[in-house]
Amino acid sequence: MKRIAESTVRRLSIYLGFLEDINRRGTTTVSSEQLAKLGGTTSAQVRKDLSLFGSFGKRGLGYSVAELLGRLRQIMGLERRWRVCIIGAGKIGAALAQFEGFAQRGFDVVAVYDSNPARIGEMLGELRIRDVAFLERDAETEKFDIAVLAIPPRGAQKMADRVGRAGIGAILNFVAGQLTAPPKVAMRTVDMAMELEALSFALTNRD
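What you see is a predicted model; the values in this text were computed from it and never measured.

Peer 1: Just to check I follow, could you spell out the nonpolar core for this structure?
Peer 2: Generally speaking, soluble globular proteins have nonpolar side chains that are buried together. By size, the foremost hydrophobic cluster in this structure holds 22 residues, and its most contacted members are Ile87, Leu135, Phe144, Leu149 and Ile168. Elements with a minimum of two residues in this core: strand S3 (82-87), strand S4 (107-114), helix H7 (135-142), strand S7 (146-149) and helix H8 (156-165). Broken down by element, this core gets its largest block of residues, four residues, from H8. In contact with Ile87, other than residues within four places in its own chain, are Tyr113, Val132, Leu135, Ala147, Val148, Leu149, Ala150, Ile151, Met159 and Val163. Counting 20 residues, the second largest nonpolar core, distinct from the first, contains Tyr15, Val30, Leu50 and Leu78.

Peer 1: So what exactly am I meant to see when it comes to the environment of Ala170 here?
Peer 2: Structurally, Ala170 is set in strand S8 (residues 170-173). Among all residues touching Ala170, those that are not within four sequence positions of it are Asp145, Ile146, Ala147, Val185 and Ala186.

Peer 1: Got a minute to help me understand the layout of surface pockets in this structure?
Peer 2: Sizing a probe to match a water molecule and rolling it over the atoms shows the empty space that remains. Here the largest pocket is characterised by a volume of approximately 1400 Å³. The wall of the largest pocket is formed by 30 residues, among which Met76, Phe107, Ile146, Leu172 and Arg188 lie closest to the centre. Elements with a minimum of two residues in the lining of the largest pocket: helix H1 (6-24), S3, helix H6 (101-104), S4, S7, S8, strand S9 (186-189) and helix H9 (192-205). Ranked by the residues each element gives to the lining of the largest pocket, the list is headed by H1, at five residues. When its residues are assigned to classes, the lining of the largest pocket shows 19 nonpolar, four polar and seven charged. Both domains that furnish three or more residues to the lining of the largest pocket are identified here as domain 1 (6-76) and domain 2 (82-194).

Procedures and definitions
- Residues numbered from 1 in each chain as written.
- Predicted model: local features only at pLDDT ≥ 70, side-chain atom pairs only at ≥ 80, totals over all residues.
- Heavy atoms only, no water.
- Core = buried A, V, L, I, M, F, W, Y, C linked by side-chain atoms within 4.5 Å.
- Buried < 20%, exposed > 50% of the residue type's maximum accessible area, 1.4 Å probe, protein only.
- Helix = DSSP H or I, 4+ residues; strand = E, 2+ residues; numbered from the N terminus.
- Contact = heavy atoms within 4.5 Å.
- 1 Å grid on protein atoms, 1.4 Å probe; cavity = no way out; pocket = protein on both sides within 12 Å on 5 of 7 lines; lining within 4 Å.
- Points joined across faces, edges and corners; volume = space filled by probe spheres on them.
- Nonpolar A, V, L, I, M, F, W, Y, C, P; charged D, E, K, R; others polar.
- Domains from an automatic or database assignment.

See below:
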């Protein structure tokens, strides 16, 4: 598959959320102008984004909500369930482990790990915190698809490398600072300070 820009993927996610909302309300068709308005872009950009994956809609009639919703879910890989493990049972990790929105989107948190002996064995919702020493063993038998890193920066690169060696294909990183993705591992970093700085810029420079 050809390389798709990250900005395009973000817009596809926005379109998907909008389509799911209007589908629940019984809307059957949607125009590129409506999708553009929500995505903060232009109708031409919407049509360009969608054209990367084939032909959608009919000129003058718009898009079938159900059809486009199904195709976007397929494109985004959301027609299956993804098995997620969280490494780090601190405040961020604990909150993520109990976030119901993941399961609603097809991401099942099936394991939570920590290195603190005082935390191991505690319950987070329905999950018991496991000893991270057993990550590789568990990954082999439970086939995790995604690892969420919510640990202190010190040792985070070594943990990311362990995730790669364990055969887990993707990392969602909440660790401050830069990590290098292991070979053949997709990694996305959530930098909360950067997001706040972007909001600060928007507030400072708005009309």
